[in-house]
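Architecture at a glance
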Amino acid sequence: MDDYNRMTYTSPPTDISTDDLVLPFQIESSDIHGRLVTLGHGVDGVLGSHDYPEPVAKLLGELVVISAAAAGAFKFRGMLSLHTSSDGPVPMMIAEYRAPGGDDPRVAPAALRGYARFDAEKVAALAQSDLDQTPVAALLGSGHLAITIDPGAGGERYQGVTALEGSTLVECMHGYFRQSEQFDAALRVDVGRTGGDGTPWRASGVMVQRLPKKGAPFLDRENEDWFHALALIGSMDRAALLDGSEPQKTVLKKIFPNEPVRAYRPVRVDSQCRCSRDKVDTMLHSFSAEDRADMLEDGKVTVTCEFCASTYVFEADQLEIPPRTSAQ
Ligand SMILES: [Zn+2]
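What follows covers the packing of aromatic side chains. Scanning the entire structure with this criterion turns up six aromatic pairs. Between the aromatic rings of phenylalanine 177 and phenylalanine 183, the centroid separation amounts to 5.7 Å while the plane-to-plane angle is 50°, which identifies the pairing as tilted. On the basis of relative accessibility, which here comes to 2%, the residue phenylalanine 177 falls in the buried class. For phenylalanine 183, a relative accessible area of 7% gives the class buried. Chaining the aromatic ring pairs together yields one cluster made of Phe74, Tyr176, Phe177 and Phe183. Here arginine 113 stacks its cationic end above the ring of phenylalanine 307, 3.6 Å away from the centre of that ring. Of note, arginine 277 hangs over the ring of phenylalanine 314, and the distance from its end group to the ring centre comes to 4.0 Å.

Below is the structure:
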């Protein structure tokens with residue numbers, strides 16, 4: 001169990017709802033631990049504020065769940081971001097997980113946000129079979145995925161980069177875990193709508209990890225436990241993971257029916273942007289008055305947050321831009 005979880009969530013879960021939670025767990029007979037992520041509004045809030053084509057929304061949803069599932073693997077209190085940069089119809093995606101700010105994770109949820117840039121025409125031209133089988137190649141193309149951890153409070157920033165070489169984002173993350181060698185890890189991620197077109201998005205993620213077993217005989221007991229856990233995650237029914245009507249502990253029991261699994265206190269998460277009028281105001285004032293004047297359209301400067309699509313409108317006099325007069 002990493003320090004992050006040990007420090008904060010040692011008592012058993014109480015009064016939990018089923019959605020927007022990251023539930024840390026440990027398989028007690030082994031050193032395997034992990035997290036179960038169940039997102040309702042936490043993912044729908046990120047995807048719903050943009051008019052994404054369906055496959056783009058799904059892929060961005062996956063990146064958001066991965067950020068929430070992976071965050072607990074690292075010892076940090078700040079922010080983890082996953083950022084793709086590539087040459088395909090979706091040249092850029094970003095998902096951010098910010099750890100809970102207060103002492104009580106039930107009061108201050110971890111914050112999720114993210115967005116994708118896309119070329120609607122190119123996305124519409126993709127074949128469904130390519131989207132189903134190799135979504136990363138079809139939508140993102142060639143490029144890389146950067147994992148950045150900003151621990152905040154003056155800590156040192158960490159960045160790891162992996163090539164977008166898997167068929168899915170999960171496979172790309174597995175490539176990153178293999179090369180990072182800090183721990184063995186595996187992920188399972190599912191994203192879907194609750195009903196037909198236009199209904200809210202839901203998402204589920206399971207991540208397991210353990211310390212690397214370098215040099216251990218391949219078929220020793222620990223490896224057997226590990227590969228058994230991977231098989232259980234992989235074979236879990238997608239509908240059951242996305243259902244959302246059962247408490248997370250029940251879902252965990254379904255994934256690991258015969259293993260003694262201990263659940264720790266869950267971390268609440270929600271979609272939440274950090275933009276504000278004050279921040280936009282400060283950003284605009286970092287430009288010269290002349291540059292601000294060039295931004296005016298119809299006497300106003302309008303700034304739209306790429307993450308949450310909130311719009312901030314400033315009148316010229318609010319930005320200390322002198323009115324243009326005929327004398328000028
Ligand atoms: Zn925003």
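A few words now on the packing of helix 3 (residues 54–71) against helix 7 (residues 169–180). In contact at an axis separation of 10 Å, helix 3 and helix 7 are set at 35° when each is read in the N-to-C sense. Residues Leu59, Glu62, Leu63, Ile66 and Ala70 of helix 3 touch helix 7, and the partners they reach there are Leu169, Val170 and Met173. Within the contact of helix 3 with helix 7, the residues separate by chemical class into seven nonpolar, no polar and one charged.

So, about the nonpolar core. By size, the foremost hydrophobic cluster in this structure holds 63 residues, and its most contacted members are Leu39, Phe74, Met93, Tyr97, Met173 and Met207. At twelve residues, helix 3 tops the list of elements feeding residues into this core. Core analysis: the second largest hydrophobic core is formed by 20 residues, Ile32, Val206, Trp226 and Val251 among them.

Moving on to the side chain of glutamine 209. Mapping glutamine 209 onto the fold places it in strand 9 (residues 201–210). Within polar-contact distance, the side chain of glutamine 209 engages the side chain of arginine 35 at 2.6 Å. Those residues in contact with glutamine 209, other than ones at most four positions away along the chain, are Asp31, Ile32, His33, Arg35, Ala73, Phe183, Asp184, Ala185 and Trp226.

Regarding helix 10 (residues 248–255), the residues found buried are Gln248, Val251, Leu252 and Ile255. Seen from one end, helix 10 has its buried residues packed into an arc of 100°, which puts them on one side. In this fold, the buried residues of helix 10 make contact with strand 1 (21–27), strand 2 (33–39), strand 9, helix 8 (221–235), helix 9 (238–243) and strand 10 (261–263).

Further remarks concern unusual backbone geometry. Phi at aspartate 298 takes a positive value of approximately 55°, unusual for a residue other than glycine. Of note, aspartate 298 is situated in the loop between helix 12 (289–295) and strand 12 (300–304). Its identity as a non-glycine residue notwithstanding, alanine 309 has a phi of 70°, on the positive side. Relative to the helices and strands, alanine 309 is located in the loop between strand 12 and strand 13 (311–315).

Turning next to the coordination of the zinc ion. Protein-derived coordination of the zinc ion comes from Cys273 (SG), Cys275 (SG), Cys305 (SG) and Cys308 (SG), at a distance range of 2.2 to 2.3 Å. Relative to the metal, the four donor atoms surrounding the zinc ion lie at angles of 99 to 113°, and the coordination shape comes out tetrahedral. Taken in sequence order, the residues that donate to the zinc ion follow the motif C-x1-C-x29-C-x2-C.

So, on to the packing of helix 2 (residues 41–48) against helix 3. Each pair of packed helices can be described by the angle between their axes along with the distance between the axes. Helix 3 packs onto helix 2 with a crossing angle of 135° between their chain directions and a minimal axis gap of 10 Å. Judged by the inter-axis angle, helix 2 sits oblique to helix 3. Crossing angle aside, the handedness with which helix 2 passes helix 3 is right-handed. The residues of helix 3 that touch helix 2, namely those facing Val43, Val46 and Leu47, are Ala57, Leu60, Gly61 and Val64. Here the residues of the contact of helix 2 with helix 3 are counted per class, giving six nonpolar, one polar and no charged.

Let us now look at the confidence of the model for the chain. When pLDDT is averaged across the chain, the result is 88; 89% of the residues are at 70 or more. For residues 1–16, every residue scores under 50 in pLDDT, and the model assigns this stretch 43 contacts once sequence neighbours within four places are set aside.

Turning our attention to the environment of glycine 166. By the element assignment, glycine 166 lies in the loop between strand 7 (158–163) and helix 7. Each C-alpha atom, one on glycine 166 and one on alanine 137, is 8.1 Å from the other, the two residues being 29 residues apart in sequence. In contact with glycine 166, other than residues within four places in its own chain, are Val136, Glu171 and Cys172.

This paragraph deals with the pairing of strand 9. The two faces of the sheet receive side chains in turn, since in a regular strand these alternate between them. Across the ten residues of strand 9, ten count as buried, placing the element largely inside the fold. Here strand 9 shows two buried faces, one formed by Trp201, Ala203, Gly205, Met207 and Gln209 and the other by Arg202, Ser204, Val206, Val208 and Arg210. Of the strand pairs in this sheet, strand 2 and strand 9 are connected by seven bridges, and their pairing is antiparallel. Bridging across to strand 9, leucine 39 finds its partner in alanine 203.

Within the fold, arginine 188 resides in strand 8 (residues 184–193). Of the polar contacts made by the side chain of arginine 188, one reaches the backbone oxygen of glycine 234; its length is 3.3 Å. Within the structure, arginine 188 has its side chain in polar contact with the backbone oxygen of methionine 236 (distance 2.8 Å). Residues in contact with arginine 188, not counting those within four places in the same chain, are Ser204, Gly205, Val206, Ile233, Gly234, Ser235, Met236, Asp237, Arg238 and Leu241.

The rules behind the values
- Residues numbered from 1 in each chain as written.
- Predicted model: local features only at pLDDT ≥ 70, side-chain atom pairs only at ≥ 80, totals over all residues.
- Heavy atoms only, no water.
- Phe/Tyr/Trp six-rings, centres within 6.5 Å; stacked < 30°, edge-to-face > 60°.
- Buried < 20%, exposed > 50% of the residue type's maximum accessible area, 1.4 Å probe, protein only.
- Lys NZ or Arg CZ within 6 Å of the ring centre and 35° of its normal.
- Axes fitted to C-alpha atoms, helices over the stretch in contact; angles between N-to-C directions.
- Helix = DSSP H or I, 4+ residues; strand = E, 2+ residues; numbered from the N terminus.
- Contact = heavy atoms within 4.5 Å.
- Nonpolar A, V, L, I, M, F, W, Y, C, P; charged D, E, K, R; others polar.
- Core = buried A, V, L, I, M, F, W, Y, C linked by side-chain atoms within 4.5 Å.
- Polar contact = N/O pair within 3.5 Å; in protein donor to acceptor, adjacent residues only side chain to side chain.
- Arc of directions from axis to C-beta.
- Donors = N, O, S within 2.8 Å, 3.2 Å for Na, K, Ca; no water.
- Tetrahedral: all angles 85-135°; square planar, octahedral: opposite > 155°, others 65-115°.
- Parallel < 35°, antiparallel > 145°, perpendicular 65-115°, else oblique.
- Left-handed = near helix turned anticlockwise from the far one by under 90°.
- pLDDT = per-residue confidence, 0-100.
- Pairing = 2+ DSSP bridges.

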